[in-house]
Protein chains: 2
Amino acid sequence: MSSKALDYENLNENVKKCQYAVRGELYLRASELQKEGKKIIFTNVGNPHALGQKPLTFPRQVIALCQAPFLLDDPNVGLIFPADAIARAKQFLGMTSGGLGAYSDSRGIPGVRKEVAEFIERRDGYPSDPELIFLTDGASKGVMQILNSIIRGPSDGILVPVPQYPLYSASIQLLGGSLVPYYLEETANWGLDINDLRQSVAQARYKGITVRAMVIINPGNPTGQCLSVANLKQIIQFCHQENLVLLGDEVYQQNIYQDERPFISARKVLLDMGLPLSKEVQLVSFHTVSKGYWGECGQRGGYFEMTNIPPKAVEEIYKVASISLSPNVPGQIFMGLMVNPPKPGDISYDQYVRESKGILESLRKRAHMMTDGFNSCRNVVCNFTEGAMYSFPQIRLPPKAIETANKLGKAPDVLYCLRLLEATGISTVPGSGFGQKEGVFHLRTTILPAEEDMPAIMESFKKFNDEFMEKYEDHKGYSRM
Amino acid sequence: MSSKALDYENLNENVKKCQYAVRGELYLRASELQKEGKKIIFTNVGNPHALGQKPLTFPRQVIALCQAPFLLDDPNVGLIFPADAIARAKQFLGMTSGGLGAYSDSRGIPGVRKEVAEFIERRDGYPSDPELIFLTDGASKGVMQILNSIIRGPSDGILVPVPQYPLYSASIQLLGGSLVPYYLEETANWGLDINDLRQSVAQARYKGITVRAMVIINPGNPTGQCLSVANLKQIIQFCHQENLVLLGDEVYQQNIYQDERPFISARKVLLDMGLPLSKEVQLVSFHTVSKGYWGECGQRGGYFEMTNIPPKAVEEIYKVASISLSPNVPGQIFMGLMVNPPKPGDISYDQYVRESKGILESLRKRAHMMTDGFNSCRNVVCNFTEGAMYSFPQIRLPPKAIETANKLGKAPDVLYCLRLLEATGISTVPGSGFGQKEGVFHLRTTILPAEEDMPAIMESFKKFNDEFMEKYEDHKGYSRM
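Note that this is a predicted model, so its numbers are computed, not measured. (Residues numbered from 1 in each chain as written. Chains lettered and ligands numbered in written order. Predicted model: local features only at pLDDT ≥ 70, side-chain atom pairs only at ≥ 80, totals over all residues. Heavy atoms only, no water.)

A. Quick peek at the interface of chain B and chain A. Each side of the interface is counted separately: chain B has 99 residues, and chain A has 99 residues. Summed over both sides, the interface between chain B and chain A buries roughly 8,200 Å², with carbon and sulfur atoms accounting for 59% of that surface. Of all residues in chain B, the largest losses of buried area upon contact with chain A belong to B:Leu6, B:Tyr103 and B:Ile323, amounting jointly to 11% of the total for that side. For the pair chain B and chain A, the interface holds 2 salt bridges. For A:Lys141, the salt bridge identified is with B:Asp137, shortest N-O distance 3.6 Å. Of the residues forming the side of chain B that touches chain A, the biggest block, 8 residues, is contributed by helix α13 (residues 311-323) of chain B. Of the residues that constitute the side of chain B that touches chain A, the class distribution is 48 nonpolar, 30 polar and 21 charged. (Contact = heavy atoms within 4.5 Å. Buried area = accessible area lost by both parts, 1.4 Å probe. Salt bridge = Lys/Arg side-chain N within 4 Å of Asp/Glu carboxyl O. Helix = DSSP H or I, 4+ residues; strand = E, 2+ residues; numbered from the N terminus. Nonpolar A, V, L, I, M, F, W, Y, C, P; charged D, E, K, R; others polar.)

Set out below in structure tokens:
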């Protein structure tokens, strides 16, 4: 039997080479253990509803009515649904031709794109053009569409922060481009050093790589830091000098857990900088319904907004989007609801505010509980989660643990995370999946377990970590760094 | 100002080169005219709900309840929803961890994949393994995932029927592979000639292309033909001899409008052929909730099933799927409902059967109305739409029309379709978007306009066509072929 096109050895090499640690070895092992009956706490992926977060009521009422429009004629509908949800459902259905069962335009429903543009204008203080907003099946799909337009081959480089969310490394590999890393500085609260950035570009050029775009994740994933206005200005200046498209992954813009650095969009900073930059720097910004206090991951709704991208290029991106016909329509409705939620005076306003505040305040508490918990553990140090949904503690692994991992052919942090999983059921992602400096080890966990479960989880982590360190520390020679 | 990464001239060439006529020049012009207030009949894309088809009631009830699970505790829920919809919603929610707002496994919800496997077993008479079924955001996304695994570079060829659905040409171009055409024979009711297939492969090899996979679309798009068992056997034999993966686009399997050739899956024919083929031919089959009598295009639900693909390759496909986290969960629920609809004895069974039969019977009538209508027109010949949702008449354009088109720098069928659009509002897709033999011209239209609108639409077409032919025919020399 000769070998076949879909045998492993004949697959597209880029498919084989790409790695996506968030659902990699650790996740697969966790799934196995779950099948065997072990209780697993899936903190590998930012998936709030899977850990018990309840959906916001109003958007679910609206989407239920949109899915079952015949209810709108039912005399009993008012017994179950509030009047503002009914009105909003009618409004959305009026924006579609054929309801949720019809493909929309490949860029998304015009009416929803208009709502997104109005949201951006309210947020940034500058008008936004619905024709430059494309709705997507979640932010990841949008990122892939844009990277696909940019990457022409292995000598095209994309600057990506390290540690990074592996969507970027995986997509760049899949599309056959080159990832150009720039390091975030852990000791400076995961800040970005513009000199380091310059060096990264110089090194890439030396290797014959044309750097064409720069990714920022703000708030950071997995690092949780919020970029300051000063830092964003430097980045935009740098993109202008180096002629880079700026890709702003801003999916965690609602997830802020401190007050010193509120979220500010790359677009606002760019437009505030005025001419010539405001007309010259190309920027694509990404957002989603999966994060924030919505956490509607399973609905797959997102958008990207383009700034300073010429119409002919927008047309090409539109053409490629049209091959997949349209993003899922219910996800588009969620996006419309997220950017245009109930207003003061609406029947559902109080409930909406109560629910969303409750989630956000609890996330803020959990960010503290987790960071404090990690920092109370032996050989663990952790920056505070300023934003996003993750904690990214550094684990100072004793040399013996590193040796053991090497013998087993595993990265040391993979060994640590596997042992943690097996001992406690806590499913995390090793830092090596995100990138880290040589000889330094981390893990990423979400801050999403329920507030009431958090103390027990942190205690169980501490107990495991104590035992792990006890086992591998050389009590004579090894000192805590 | 120097040129930038997202300027047209710097985009990925594969992005620029790919074409997707279903939403191409004609669609864009139709959208413009609609904005200007013209009434447009969008028959360019198989989008039934956009042309007035009502969604089936039961699945919409179930999905509404899944979206609003708090309704399940509402004492009034029974006033609006039937008990079997409530039970089914509870069953689906029990299959998820976190409801519709949580990412599922990247292959889809295990419980739904099991329902799909059971459906395939009932349909084909052979067991199917849920581990080899991946749920997707519609069939197109599944096709792209598989082509991405197969195509390594420009010397990898994919056999595609011509005329074809341009998803294939566009995706192959985007992924940097080579399309190897094989022609369907219009005079033999769009049948497939195995000798022509052999010739196509030989020609491709001569050009240095390794043919690695073969696409069949059954029932055909845009051609509407249903493949016979004998034809399917030949195809499978051919794939075995030539070591090709067979990609079976079977999204129209419920859309059959004649009784001589009912739908039979490539998988059933393959397994019926026994050893060694049944264990050696690699097959990936695609399905969707967008077609059939469901027509739930906007929900973006689909699946692919793999046969004889080794576990190591399946793992790689799983890994790449995981980069996008999960297909949209509501679309997965629709897929579960489609493959496991109400059963005799269920409260909603009669309504479900009445609604689905009504749609299918009306589509059958419309298939006849449209074919007969086209065949009554001057210089138009059209094979009967045996299946799928399209009519693909040949338009015998007079030489003067071809000359005019050439002068305008347009393909002759593009000119014809543009004039048709401007005169009647009927938005079709020129045959050149699907591929056709040199010097032969077609258009594709869906058979989806409402039954009651069909006579007026066909009359309006006939009137336009008469005038067009009148204008361009040379009454002295030109004879109808």
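B. Structural detail: helix α5 (residues 83-95) of chain A. Residues and elements named next belong to chain A. The end-to-end C-alpha distance of α5 is 19 Å, a good match for the 18 Å that 13 residues give at a rise of 1.5 Å each. Looking only at α5, the buried set comprises Asp84, Ala85, Ile86, Arg88, Ala89, Phe92 and Leu93. Packed against the buried residues of α5 are α3 (57-67), α4 (77-80), α6 (110-124) and α14 (329-339). (Expected span 1.5 Å × (residues − 1). Buried < 20%, exposed > 50% of the residue type's maximum accessible area, 1.4 Å probe, protein only.)

C. Region of interest: the packing of aromatic side chains. Scanning the model with the defined rule gives 28 aromatic pairs over all chains in all. Where B:Phe134 meets B:Phe304, the ring centres are 5.3 Å apart and the plane angle is 35°; that geometry is what we call tilted. With a gap of 170 residues between them, B:Phe134 in strand β2 (residues 133-136) and B:Phe304 in strand β9 (residues 302-307) connect regions that are remote in the sequence. Its relative accessible area of 0% is what places B:Phe304 among the buried residues. Members of the aromatic cluster, each reached through a chain of ring pairs, are A:Phe134, A:Phe286, A:Phe304 and A:Tyr318. Across from the ring centre of A:Tyr318, 4.0 Å away, lies the NZ or CZ of A:Arg107, which sits over that ring. (Phe/Tyr/Trp six-rings, centres within 6.5 Å; stacked < 30°, edge-to-face > 60°. Lys NZ or Arg CZ within 6 Å of the ring centre and 35° of its normal.)

D. Fine view of the UniProt feature "domain: Aminotransferase class I/classII large" (unreviewed entry) in chain A. In this numbering, the UniProt entry assigns the feature "domain: Aminotransferase class I/classII large" (unreviewed entry) to residues 84-450 of chain A. Along residues 84-450 of chain A, the helical share is 43% and the strand share 16%, with 31 Å between the first and last C-alpha atoms. (UniProt positions renumbered as here; feature names shortened; annotations may be inferred.)

E. The pattern of salt bridges, seen in detail. Residues and elements named next belong to chain A. Counting across every chain of the model gives 52 salt bridges over all chains. A salt bridge links Asp105 to Arg107; the nearest nitrogen and oxygen atoms lie 2.9 Å apart. In this structure, the salt-bridge partner of Glu118 is Lys114, at a minimum N-O distance of 3.3 Å. One end of the pair is Glu118 and the other is Lys114, both in helix α6 and 4 residues apart, which spans about a single turn. Within the structure, one salt-bridge network assembled from shared partners comprises Asp105, Arg107, Arg113 and Glu131.

F. Summary view of the pairing of strand β6 (residues 210-217) of chain A. Residue and element names in this part refer to chain A. In terms of burial, β6 is largely enclosed, as 7 of its 8 residues are buried. In this sheet, β6 lies alongside strand β3 (residues 156-162) in parallel orientation, the contact comprising 4 bridges. For Ile158, the partnering residue across the bridge sits in β6 and is Ala213. Each parallel crossover has a hand, and for β6 linked through helix α10 (residues 229-242) to strand β7 (residues 245-249) it is right-handed. (Pairing = 2+ DSSP bridges. Right-handed = clockwise from strand over helix to strand, strands pointing away.)

G. How the structure looks around the pairing of strand β2 (residues 133-136) of chain A. All names here are of chain A. By the alternation rule, side chains of β2 split into Ile133 and Leu135 and Phe134 and Thr136, which are all buried. Where β2 lies against strand β9 (residues 302-307), 4 bridges are found, and the strand directions are antiparallel. The residue of β9 that forms the bridge with Leu135 is Tyr303.

H. Representation of the nonpolar core in the model. Counting residues in each nonpolar core, the largest one holds 318 residues, and the members touching the most others are A:Met214 and B:Met214. In contact with A:Met214, not counting residues within four places along its chain, are A:Leu159, A:Tyr182, A:Leu192, A:Leu197, A:Ile235, A:Phe238, A:Cys239, A:Leu244, A:Val245, A:Leu246 and A:Leu247. (Core = buried A, V, L, I, M, F, W, Y, C linked by side-chain atoms within 4.5 Å.)

I. Expanded view of the packing of α5(A) against α6(A). At a minimum axis distance of 7 Å, the contact between α5(A) and α6(A) shows a crossing angle of 115°. Each of A:Arg88, A:Phe92 and A:Met95 in α5(A) lies in contact with α6(A), whose residues at this interface are A:Gly111, A:Val112 and A:Glu115. (Axes fitted to C-alpha atoms, helices over the stretch in contact; angles between N-to-C directions.)

J. Structural detail: the sheet that holds strand β7 (residues 245-249) of chain B. All names here are of chain B. Sheet architecture is open: 8 strands sit in the order β2-β9-β8-β7-β6-β3-β4-β5, paired in mixed fashion. Looking at strand neighbours, the two that pair on one side only are β2 and β5 (191-192), the edges of this open sheet. Pairing analysis gives 2 bridges linking strand β4 (residues 178-185) to β5, with the strands arranged antiparallel. Its bridge partner being in β5, Leu184 is matched across the sheet by Leu192.

K. Representation of helix α10 (residues 229-242) of chain B in the model. All names here are of chain B. End to end, α10 covers 20 Å across 14 residues, agreeing with the expected 20 Å (1.5 Å per residue, within 8%). Those residues of α10 that fall on the buried side of the exposure criterion are Asn231, Leu232, Ile235, Ile236, Phe238, Cys239 and Glu242. Here the buried residues of α10 occupy an arc of 160° about the axis, which is enough to place them on one side. Set apart from the buried face of α10 by more than 90 degrees, the exposed residues are Ala230 and Gln241. Asn243 sits one or two positions beyond α10 and adopts a positive phi of about 60°. (Arc of directions from axis to C-beta.)

L. Expanded view of the packing of helix α16 (residues 399-408) of chain B against helix α17 (residues 412-424) of chain B. Residue and element names in this part refer to chain B. Packing of α16 against α17 brings their axes to within 8 Å, and their N-to-C directions diverge by 95°. Between α16 and α17, the crossing angle belongs to the class labelled roughly perpendicular. Across the interface between the two elements, Ala401, Ile402, Thr404, Ala405 and Leu408 from α16 touch Pro412, Leu415 and Arg419 from α17. Grouping the amino acids of the contact of α16 with α17 by side-chain chemistry returns 6 nonpolar, 1 polar and 1 charged. (Parallel < 35°, antiparallel > 145°, perpendicular 65-115°, else oblique.)

M. Structural context of the sheet that holds strand β15 (residues 443-446) of chain A. Strand order in the open sheet formed by 3 strands is β11-β15-β14 (chain A), and the pairing between neighbours is antiparallel. The open sheet has two free edges, formed respectively by β11 (390-391) and β14 (429-430) of chain A, since each of these has just one partner strand.

N. Examining the relation of the copies chain B and chain A more closely. Aligned on chain A, chain B shows an RMSD of 0.0 Å; the corresponding rotation is 180° and the shift along the axis is 0.0 Å. A rotation of that kind, with that shift, is consistent with a two-fold axis. Taking the C-alpha atom as reference, chain B places B:Ala64 closest to the rotation axis, 2.1 Å from it. Counting the interface residues of chain B, we find that 100% of their copies in chain A are interface residues as well, pointing to one common contact surface. (Least-squares fit on C-alpha atoms with pLDDT ≥ 70 in both.)

O. Representation of the domain arrangement of chain A in the model. Residue and element names in this part refer to chain A. Parsing chain A into structural domains produces domain 1 (8-39 + 357-472) and domain 2 (94-339). Between the C-alpha centres of domain 1 and domain 2 the distance comes to 27 Å. Contacts between the two partners involve 33 residues from domain 1 and, on the opposite side, 35 residues from domain 2. When domain 1 packs against domain 2, the two sides together hide about 2,900 Å² of surface, and 54% of this comes from carbon and sulfur. Area buried by domain 1 at its contact with domain 2 is led by Arg364, Asn383 and Glu386, which between them contribute 23% of it. Inspection of the domain 1/domain 2 interface yields 3 salt bridges. Residues Glu386 and Arg261 are paired through a salt bridge, measuring 2.6 Å at the closest nitrogen-oxygen approach. Here domain 1 and domain 2 share 18 residue pairs in polar contact (both at pLDDT 80 or more) between them. For the side of domain 1 that touches domain 2, the secondary-structure elements that each account for two or more residues are α1 (13-17) and α15 (349-375). Ranked by residue count, the leading element in the side of domain 1 that touches domain 2 is α15, at 6 residues. When the residues that make up the side of domain 1 that touches domain 2 are grouped by side-chain class, the tally is 17 nonpolar, 11 polar and 5 charged. (Domains from an automatic or database assignment. Polar contact = N/O pair within 3.5 Å; in protein donor to acceptor, adjacent residues only side chain to side chain.)

P. How the structure looks around the environment of A:Asp156. Residue and element names in this part refer to chain A. Mapped onto the elements of the fold, Asp156 is located in strand β3. Distance from Asp156 to Pro412, taken between C-alpha atoms, is 32 Å for residues 256 residues apart in sequence. Setting aside its immediate chain neighbours within four residues, Asp156 contacts Ile150, Ile151, Gly177, Ser178, Ile209, Thr210 and Arg212.

Q. The state of the cysteines, seen in detail. Under the defined criterion, the tally for this structure stands at 0 disulfides over all chains. In this model A:Cys297 remains outside any disulfide bridge; the closest cysteine sulfur is found in B:Cys66, 17 Å from its own. Its relative accessible area of 0% is what places A:Cys297 among the buried residues. (Disulfide = S-S within 2.5 Å.)

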